[in-house]
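This is what each chain is made of:
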Amino acid sequence: MDEISTARLKLLPLTQAQLELCLSENPALEQQMGLAIANDFFTERVHRAIRLKVEKMRKADVSQHTWFTYWLIVLKNENIGAGMLGFKGYPNEEGSTEIGYGIDPAYQNKGYMSEAVRALVEWAFTHPFCQVITATEVENPASKRLLEKLGAHLVSQTEKSTSWEIRN
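Here's what I pulled together on the structure shown here. (Residues numbered from 1 in each chain as written. Predicted model: local features only at pLDDT ≥ 70, side-chain atom pairs only at ≥ 80, totals over all residues. Heavy atoms only, no water.)

## Quick notes on empty space enclosed by the protein
This structure, assessed with the given rule, holds one cavity of 30 Å³ or more. Every residue lining the largest cavity is listed: Ile99, Ile133, Thr134, Ala135, Leu147, Trp164, Glu165 and Ile166. Mapped by element, the contributors of at least two residues to the lining of the largest cavity are β7 (132-138) and β9 (162-167). When grouped by side-chain class, the residues that make up the lining of the largest cavity number six nonpolar, one polar and one charged. (1 Å grid on protein atoms, 1.4 Å probe; cavity = no way out; pocket = protein on both sides within 12 Å on 5 of 7 lines; lining within 4 Å. Points joined across faces, edges and corners; volume = space filled by probe spheres on them. Helix = DSSP H or I, 4+ residues; strand = E, 2+ residues; numbered from the N terminus. Nonpolar A, V, L, I, M, F, W, Y, C, P; charged D, E, K, R; others polar.)

This is the structure:
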């Protein structure tokens with residue numbers, strides 16, 4: 001699978017087996033990947049999301065796994081996995097897919113997530129079949145600012161959350 005590199009980060013797409021290790025044995029994953037992984041990131045909510053990813057990957061064509069997996073955000077200078085991001089599946093008939101992301105609290109507010117999301121969006125748009133990336137049910141103010149910074153457009157809003165899109 002592809003690896004994406006930015007000035008400060010490496011984005012590594014995790015295999016289905018590596019995602020399964022995230023659920024049970026982080027030390028084994030760390031050893032396999034040759035890096036440390038920030039453990040405060042792996043909340044029950046993140047484990048639930050990883051389980052859903054694994055189920056989707058089991059059903060998806062292996063050639064499309066980069067659209068279903070999480071990409072580990074690795075800080076180059078520390079060689080640590082600080083968070084993850086990924087799409088919720090292969091783009092649909094309209095060329096649209098949804099993005100999700102999260103980072104360990106120790107690495108928030110340092111611009112890492114903006115850098116990672118920008119890089120993954122740019123990667124997605126190198127594929128002609130991907131024309132729109134959405135972010136739905138966005139509740140976190142920092143996430144809203146990130147999307148605004150990336151040029152996303154607000155498409156809907158409720159009392160609790162907002163939905164955004166970035167067009168190619």
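## Some points on the pattern of salt bridges
One pass over the structure, following the stated rule, counts six salt bridges. Residue Arg8 pairs with Glu115 through a salt bridge whose shortest N-O separation is 2.7 Å. Here Glu115 lies in helix α5 (residues 112-124) and Arg8 lies in the loop between β1 (4-5) and β2 (9-13), a separation of 107 residues in the sequence. A relative accessible area of 31% means that Arg8 is categorised as partly exposed. Overall, Glu115 belongs to the buried group, its relative accessible area being 15%. Across the pair Glu20 and Arg58 runs a salt bridge, and its minimum N-O distance is 3.0 Å. Taken together, the residues span a long stretch of sequence, with Glu20 in helix α1 (residues 16-24) and Arg58 in helix α3 (residues 44-59) at a distance of 38 residues. (Salt bridge = Lys/Arg side-chain N within 4 Å of Asp/Glu carboxyl O. Buried < 20%, exposed > 50% of the residue type's maximum accessible area, 1.4 Å probe, protein only.)

## With respect to the environment of Gly95
Along the polypeptide, Gly95 turns up in the loop between β5 (80-87) and β6 (96-103). Considering only alpha carbons, one finds Gly95 and Trp71, 24 residues apart in sequence, at a separation of 20 Å. Residues in contact with Gly95, not counting those within four places in the same chain, are Phe129, Cys130, Gln131 and Val132. (Contact = heavy atoms within 4.5 Å.)

## Thoughts on the nonpolar core
Core analysis: the biggest nonpolar cluster contains 56 residues, and Leu11, Ile50, Met84, Leu85, Ile99 and Leu120 have the highest contact counts within it. Of all the elements, α5 adds the most residues to this core, at nine residues. Filtering out sequence-adjacent residues up to four positions away, Leu11 remains in contact with Asp2, Glu3, Ile4, Trp71, Leu72, Ile73, Leu85, Ala116, Ala119 and Leu120. (Core = buried A, V, L, I, M, F, W, Y, C linked by side-chain atoms within 4.5 Å.)

Keep in mind that these numbers describe shape and distance, not what the molecule does.
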